[in-house]
Amino acid sequence: MAPLSRDTTGVYAIAPTPFDESGAIDFDSLGRLIDFYGCAGVTGLTLLGQLGEAPKLSHEESVRIVQYVIKRTALPIVVGVSAPGYAAMRALTADVMSAGADGVMIAPPNTLRTDDQIVGYYEGASAAIGEDVPFVIQDYPLSFSVVMSPAVIARIAGVAPGCVMLKHEDWPGLEKISALRQLQADGAMPRLSILCGNGGLFLDFETERGADGAMTGYCVPELLVDVVSHTAAGDRDAAHDIFDAHLPLLRYEQQPGVGLAVRKYVMKRRGILSSDAQRKPGAALSARARGEVDYLLTRLARKDSRVVVTA
């Protein structure tokens, strides 16, 4: 596999962390999950993201998960190491890179207010983890309350040699992708790989605007692979046709607060996870909601034969 770089393309699946009903990490399910992603055709994996329940894990648990996954797969691995201060970020980065990770992802703390503070934070983070460590900017203002303009992202890319990728999750964000690619074309910023999040909800047009792929979840990651590959091949209608078939479930999973519960429930129904449990505190689907998801899965299976539920 090619190393993480400013030219990386494809789909990096955000992996949920499987737990059993007691809240312990379920490594048997994690193994099935990693094997499943490989069969689904993803380009790489992102561990310990927001929907990987990273804040609920200890440092030791985080490192153990990364070590387990790296031994299980040859896929490139990005690890979320976000922290308000640099000490915890430096320690986790050192351990996961020593284990064989290909790069890390850093989200901004919600205390940042000005453009200079944002740029300074990432410049300091790059120095703290080591300028030779490839890192991903996580741009998700709806969650982190930090707004990064294209000009700010360009500044970060210019001062931090390790900055190779933007995880683009601004919403609405299509014009932002176009603006970033224009800055690149004008020579005002170096190229960054742009992989998009938001559960893939806008991936059909994000890839057309110049995004290189996806770095997100969704309970049927095969769809993300399809959209990216069809767009790269120039088959616009095929990309939109498969996207449209999945849109009702994609939209349902994107609901704030219950999205991870939906994702884990579907992955349990698909026979990947033994339990859809989240480590406390965490949301659970009501019986009514589970029925709605089951209905969406039944309808989707008529259009996509890969959607087979087993439990």
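In what follows, the structure referred to is the one given above.
Considerations on the side chain of T73
- Positionally, T73 belongs in the loop between helix 2 (59-72) and strand 3 (77-80).
- Accessibility expressed as a relative area gives 18% for T73, which makes it buried.
- In this structure the side chain of T73 is engaged in a polar contact, spanning 3.0 Å, whose partner is the backbone nitrogen of L75.
- Setting aside anything within four residues of it in sequence, one finds T73 in contact with I34 and L45.

Some details on the pattern of salt bridges
- As enumerated under the stated definition, the model contains 18 salt bridges in all.
- A salt bridge links E208 to R236, with the shortest nitrogen-to-oxygen separation between them at 2.8 Å. With a gap of 28 residues between them, E208 in the loop between helix 8 (203-206) and strand 8 (213-216) and R236 in helix 10 (residues 236-253) connect regions that are remote in the sequence.
- R269 is paired through a salt bridge with D294; the nearest N and O atoms lie 2.5 Å apart. Within this pair, whereas R269 is found in helix 11 (residues 259-269), its partner D294 is found in helix 12 (residues 287-301), the two being separated by 25 residues in sequence.
- Through salt bridges with shared partners, one network takes in D7, R181, R191 and D212.

Side note on the state of the cysteines
- This structure, assessed with the given rule, holds zero disulfides.
- Note on C163: no disulfide assigned, nearest cysteine sulfur contributed by C196 at a separation of 15 Å.
- Given the relative accessible area of 0%, C163 is considered buried.
- Free cysteine: C219, not disulfide-bonded; nearest cysteine sulfur from C39 at 17 Å.
- The class of C219 is buried, set by a relative accessible area of 0%.

A word on the sheet that holds strand 6 (residues 163-168)
- Strand order in the closed barrel formed by eight strands is 1-2-3-4-5-6-7-8, and the pairing between neighbours is parallel. Adjacent strand axes in the sheet meet at a mean angle of 25°, parallel and antiparallel pairs treated alike.
- Of the pairings in the sheet, the one linking strand 2 (residues 44-47) to strand 3 comprises three bridges and is parallel in character. Counterpart to L47 in the pairing with strand 3 is V79.

Let's talk about the packing of helix 11 against helix 12
- At a minimum axis distance of 11 Å, the contact between helix 11 and helix 12 shows a crossing angle of 60°. As judged from the angle between their axes, helix 11 and helix 12 are oblique. Of the two possible hands of crossing, helix 11 and helix 12 adopt the one that is right-handed. The residues of helix 12 that touch helix 11, namely those facing V262, Y265, V266 and R269, are R290, V293, D294 and L297.

Points about the side chain of D304
- You can see D304 is positioned in the segment after helix 12.
- In terms of polar contacts, D304 uses its side chain to reach the side chain of H246, at 2.8 Å.
- A distance of 2.8 Å separates a polar atom in the side chain of D304 from a polar atom in the side chain of R306.
- Setting aside chain neighbours within four positions, we find D304 in contact with I242 and H246.

What counts, and at which threshold
Residues numbered from 1 in each chain as written. Predicted model: local features only at pLDDT ≥ 70, side-chain atom pairs only at ≥ 80, totals over all residues. Heavy atoms only, no water. Helix = DSSP H or I, 4+ residues; strand = E, 2+ residues; numbered from the N terminus. Buried < 20%, exposed > 50% of the residue type's maximum accessible area, 1.4 Å probe, protein only. Polar contact = N/O pair within 3.5 Å; in protein donor to acceptor, adjacent residues only side chain to side chain. Contact = heavy atoms within 4.5 Å. Salt bridge = Lys/Arg side-chain N within 4 Å of Asp/Glu carboxyl O. Disulfide = S-S within 2.5 Å. Pairing = 2+ DSSP bridges. Axes fitted to C-alpha atoms, helices over the stretch in contact; angles between N-to-C directions. Parallel < 35°, antiparallel > 145°, perpendicular 65-115°, else oblique. Left-handed = near helix turned anticlockwise from the far one by under 90°.

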